[in-house]
Amino acid sequence: MKKVLLHTCTVVMDRWVVQSRRLGALVALTVIALMASPAKAAEPVDLPGLMEAFGWDFDSAVVRAEKVSEGLYLLFGIGGNVAVSIGSQGTLIVDDQFPEIMPKLEKAITNLGGGDVDFALNTHWHFDHAQGNLALGPKGTWIVAHETSRDMMMGNHNVNLVALNYDQKAYPAAALPSITFTDEMQFHFNGQRIELLHFGPAHTTGDTAVYFEGSNAVHLGDVFNRGYPFIDADNGGDLDGMISFCRAVHQRINKDTKVMPGHGDISDREGLLHYIKMLQTVRDRIAVMVVAGASFTEVQATSPTAEFDDEFGDPAMFVDRAYTSLKKKHEAARNAASAVAKAAAEAAAHQAATLKAGGEPK
Ligand SMILES: [Zn+2]
């Protein structure tokens, strides 16, 4: 049986290769469920369960810093990549991982010359990118996110990673963004313009790309990853939207732009374009089969990602979520079309009845 990697929005690929061994039993069980139905997930796990499944250990975790440009860094720890802007006006970060690793993140920021975090921008509401709000909010950090992400943080939501799923609990008021935006917003901070951009549902319904214009660097959160992406299809995530979101960012940047993914190493515009082409290719293949009425098992059997697997890793979760996303969209379109047809038929019947009764058609 092919090994299923639980690559998620939370996981860096190389970490997974190790962790998937530890997950052997769980994976063996869940892969059977996977074969039967794309939407069926295992029982929800709590944070300790998640930590164990992913092989995460906050105590032994090491936070590594990489310089992106003068005053801009990317921190790698446990969870989504954290961009850090340090300058004369203070410290601004993009994403904040978990409260448990915050002391190590803060130490890394101090080592880079930064201070208390003035602003924390969340690329989206998922736990591995925004849970650090629980540590920063009460300390007075201004938290900023797309308004939909704030809405999601206010409620309980299940994140269906297919082979594993997590119930993300509502955040307390102190951990919620105080500042939100809808389409775009600008910061003027540490000597540069920082653009917050939203292009509709993609990885989630509240994604933000953060473009540091002066540094010529952009952080895309989980809309862009260095392995197959996770599409949170059960919460409105959309494969077509992910492609158009990436295309919109691609148009804004140039060949020298540093492109920071939600997980994995820094890339560039060419890397982003390569990723977009992969998404588009797989999307087109699955969409044709969805329209033809193929089941998930039938789609999976065609290995729609085959030529990309060496580079992007195990496709199980991606194919599952891509299929679910496209099927939902197809069914919604079909329902809308049949509603229009039904309304037209009713109008025609009404007209015929009116004529029969000797009235004027309306
Ligand atoms: Zn995510």
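Scroll up to find the structure this text is about.
In this report, we go over the structure that sits alongside the text. Just so it is clear, the structure is predicted and the values come from calculations on it, not from any experiment.

Comments concerning the overall build of the protein
Alright, step 1. Across its full length, the protein holds twelve helices and 16 strands.
Alright, step 2. Each of the 362 residues in the protein was classed as buried or not, and the buried ones make up 48%.
Alright, step 3. Look at the contacts in the protein between residues 6 or more apart in sequence, and 66% of them connect residues 24 or more apart.

Overview of helix α9 (residues 269–291)
Alright, step 1. With 23 residues, α9 ought to run about 33 Å at 1.5 Å a step, and its terminal C-alpha atoms sit 32 Å apart, in line with that.
Alright, step 2. Listed in full, the buried residues belonging to α9 are Leu272, Tyr275, Leu279, Val282, Ile286 and Val290.
Alright, step 3. Turning to α9, the residues buried within the fold contact α8 (239–252), β15 (258–260), β16 (267–268), α10 (296–301) and α12 (316–356).
Alright, step 4. Downstream of α9 by a residue or two, Gly293 has a phi angle that is positive, lying close to 90 degrees.

Section: the pairing of strand β4 (residues 82–87)
The two faces of a sheet get side chains in turn, since along a regular strand they alternate between them.
Alright, step 1. In terms of residue burial, β4 counts as a mostly covered element, since five of its six residues are buried.
Alright, step 2. The loop that links strand β3 (residues 72–76) with its antiparallel partner β4 comprises five residues; one of these, Gly79, has a positive phi angle of about 110 degrees.

A few points about helix α3 (residues 47–54)
Alright, step 1. Of the positions making up α3, those classed as buried are Leu50, Ala53 and Phe54. Seen from one end, α3 has its buried residues packed into an arc of 90 degrees, which puts them on one side.
Alright, step 2. Backbone geometry just after α3 places Gly55 at a positive phi near 70 degrees.

A closer look at the environment of Thr148
Alright, step 1. Mapped onto the elements, Thr148 comes out in helix α7 (residues 147–153).
Alright, step 2. Here Thr148 falls in the buried class, since 20 other C-beta atoms lie within 10 Å of it.
Alright, step 3. With 32 residues separating them in the primary sequence, Thr148 and Thr180 have C-alpha atoms 8.6 Å apart.
Alright, step 4. Every residue in contact with Thr148, bar those within four places of it in the chain, is listed here: Thr205 and Gly206.

Some thoughts on the sheet that holds strand β9 (residues 165–168)
Alright, step 1. The mixed open sheet is built from three strands, whose spatial order is β1-β9-β8. Since the sheet does not close on itself, it has two edges, and those belong to β1 (44–45) and β8 (157–160), each with one partner.
Alright, step 2. Pairing analysis gives four bridges linking β8 to β9, with the strands arranged antiparallel. Directly across from Asn160, in β9, lies its bridge partner Asn165.

Describing the nonpolar core
Alright, step 1. Ranked by size, the top nonpolar core spans 86 residues in total, and within it Ala83, Val210, Val218 and Ala322 carry the most contacts.
Alright, step 2. Per-element tally for this core: the top contributor is α12, with seven residues.
Alright, step 3. Each residue touching Val218, except ones within four places of it in the same chain, is listed here: Ala209, Val210, Tyr211, Val249, Ile253, Thr257, Val259 and Met260.

As for the environment of Thr204
Alright, step 1. The residue Thr204 is located in the loop between β12 (192–197) and β13 (209–212) in this model.
Alright, step 2. As for Thr204 and Gly237, which are separated by 33 residues in sequence, their C-alpha atoms are 4.2 Å apart.
Alright, step 3. Once you skip the residues sitting within four places of it in the chain, Thr204 turns out to touch His124, Trp125, His126, Asp232, Asn235, Gly236 and Gly237.

Comments concerning the sheet that holds β15
Alright, step 1. Taken in spatial order, the six strands line up as β11-β12-β13-β14-β15-β16 in an open sheet, and their pairing is mixed. Single-partner strands in this sheet number two, and they are β11 (184–189) and β16.
Alright, step 2. Examined bridge by bridge, strand β14 (residues 217–219) and β15 share three bridges and lie parallel to one another. Among the inter-strand pairings, Val218 is bridged to a residue of β15, identified as Val259.

Points about the environment of Ala287
Alright, step 1. Mapped onto the elements of the fold, Ala287 is located in helix α9.
Alright, step 2. Considered as a pair, Ala287 and Lys327 are 40 residues apart in the sequence and their alpha carbons are 8.0 Å apart.

Reading the values: rules and limits
- Residues numbered from 1 in each chain as written.
- Predicted model: local features only at pLDDT ≥ 70, side-chain atom pairs only at ≥ 80, totals over all residues.
- Helix = DSSP H or I, 4+ residues; strand = E, 2+ residues; numbered from the N terminus.
- Buried ≥ 20, exposed ≤ 12 C-beta atoms within 10 Å, placed from the backbone.
- Contact = placed C-beta atoms within 7 Å.
- Expected span 1.5 Å × (residues − 1).
- Pairing = 2+ DSSP bridges.
- Arc of directions from axis to C-beta.
- Core = buried A, V, L, I, M, F, W, Y, C linked by C-beta atoms within 7 Å.

All quantities given are derived from atomic positions and should not be read as evidence of function.
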